[in-house]
Amino acid sequence: MHTTNLKPSSLMPEAALHSFVVEAGDPFVFEIAQGQYVRIVDLEGNQAVDTIFYNAQDYSDRYSAQDTIREQGNIYLTTGTALLSTNGRVLLTITSDTCGRHDTLGGACATESNMVRYDLAKGHMHACRNSFLKGLQFWNHGMDKRDIASNINFFMNVPVTPDGKLTFEDGVSDADKYVELRAEMDVLMVISNCPQLNNPCNGYNPTPIQILIWDKNV
Ligand SMILES: [Zn+2]
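Here's a quick rundown of the structure. Predicted, not measured: the structure shown is a model, and the values here were computed from it.

## Regarding the coordination of the zinc ion
Link 1 in the chain: Of the protein atoms, only Cys 109 (SG), Cys 128 (SG) and Cys 194 (SG) coordinate the zinc ion, at distances of 2.2 to 2.3 Å.
Link 2 in the chain: According to the relative accessible area criterion, Cys 109 is buried, its value standing at 5%.

This is the structure:
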């Protein structure tokens with residue numbers, strides 16, 4: 001259950017096809033072609049990167065936390081994990097990981113959950129569900145609230161205790177740690193670079209991330 005599989009990548013940032021910086025709290029939407037690699041870099045450390053992946057040819061087929069956990073027999077994601085879709089297809093494979101802990105149980109933060117978890121007065125604060133919606137509206141391909149399904153929280157440390165409770169712990173990530181994935185089919189990546197100020201997983205301080213994409217022939 002605590003398996004981590006640290007493995008650095010041999011891909012050089014200078015050889016990347018695209019490089020983007022996603023500012024703290026912003027959404028980011030990008031299509032990744034089959035065979036391309038995408039690296040998410042935690043530039044300053046302890047940033048939760050909430051991410052949903054969709055089959056780019058059929059958005060109703062999207063990342064499934066349940067199927068991914070069942071098939072790999074591990075609740076945490078790391079090098080070697082195949083990310084499965086709701087139709088049982090492999091969307092992407094994690095090929096490198098220098099952090100070792102990525103959560104897919106905790107879900108995305110919402111204004112409602114922020115009020116329950118932290119305080120009624122936190123209800124107005126920015127949350128990932130809103131950022132996902134903002135990203136989908138920007139993408140403008142007909143997706144809405146119903147398309148926000150299970151997600152991955154890259155770099156987020158949500159251990160399960162021996163008595164089965166989920167706890168939100170201090171992050172185990174650090175500046176410049178990254179996770180890298182190979183797209184096994186054409187996928188749409190929708191990120192909410194978590195704007196949460198109340199969660200220790202974010203270090204109470206949302207920070208920017210970098211997205212690097214390499215072509216399939218690297
Ligand atoms: Zn969030």
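## So, the pattern of salt bridges
Link 1 in the chain: Here the structure, examined in full by the defined rule, presents seven salt bridges.
Link 2 in the chain: With a closest N to O distance of 2.8 Å, Arg 146 and Asp 144 form a salt bridge.
Link 3 in the chain: Relative accessible area serves as the criterion here: at 69%, Arg 146 is assigned to the exposed category.
Link 4 in the chain: In this structure, Arg 182 engages Glu 184 in a salt bridge whose closest nitrogen and oxygen atoms are separated by 2.9 Å.

## A few points about the nonpolar core
Link 1 in the chain: With 29 residues, the main nonpolar core has Ile 40, Phe 53, Leu 92, Phe 154 and Ile 211 as its most contacted residues.
Link 2 in the chain: For this core, the secondary structure elements donating two or more residues are strand 2 (27-32), strand 3 (37-42), strand 4 (49-55), strand 7 (90-97), strand 8 (152-154), strand 9 (177-183), strand 10 (187-193) and strand 11 (209-214).
Link 3 in the chain: Leaving out residues up to four positions away in the same chain, Phe 53 has contacts with Arg 62, Tyr 63, Leu 83, Leu 91, Leu 92, Ile 152, Phe 154, Leu 188 and Met 189.

## Here's the deal with unusual backbone geometry
Link 1 in the chain: For Asn 46, which is not a glycine, the phi torsion comes out positive at approximately 55°.
Link 2 in the chain: Mapped onto the elements of the fold, Asn 46 is located in the loop between strand 3 and strand 4.
Link 3 in the chain: For Asp 176, which is not a glycine, the phi torsion comes out positive at approximately 75°.
Link 4 in the chain: Examined against the element boundaries, Asp 176 turns out to sit in the loop between strand 8 and strand 9.

## Quick word on the environment of Leu 83
Link 1 in the chain: Of note, Leu 83 is situated in strand 6 (residues 82-84).
Link 2 in the chain: Between the C-alpha atom of Leu 83 and that of Glu 31, which follows or precedes it by 52 residues, the distance is 16 Å.
Link 3 in the chain: Apart from residues lying up to four places away in sequence, Leu 83 is in contact with Phe 53, Tyr 63, Thr 68, Leu 77, Arg 89, Val 90, Leu 91, Leu 92, Ile 152 and Leu 181.

## As for the environment of Phe 154
Link 1 in the chain: Among the secondary structure elements, Phe 154 is positioned in strand 8.
Link 2 in the chain: Along the primary structure Phe 154 and Val 49 are separated by 105 residues, whereas in three dimensions their C-alpha atoms are 4.9 Å apart.
Link 3 in the chain: Those residues in contact with Phe 154 that sit more than four places away from it in its chain are Ile 40, Gln 47, Ala 48, Val 49, Thr 51, Phe 53, His 102, Val 179 and Leu 181.

Procedures and definitions
- Residues numbered from 1 in each chain as written.
- Predicted model: local features only at pLDDT ≥ 70, side-chain atom pairs only at ≥ 80, totals over all residues.
- Heavy atoms only, no water.
- Donors = N, O, S within 2.8 Å, 3.2 Å for Na, K, Ca; no water.
- Buried < 20%, exposed > 50% of the residue type's maximum accessible area, 1.4 Å probe, protein only.
- Salt bridge = Lys/Arg side-chain N within 4 Å of Asp/Glu carboxyl O.
- Core = buried A, V, L, I, M, F, W, Y, C linked by side-chain atoms within 4.5 Å.
- Helix = DSSP H or I, 4+ residues; strand = E, 2+ residues; numbered from the N terminus.
- Contact = heavy atoms within 4.5 Å.

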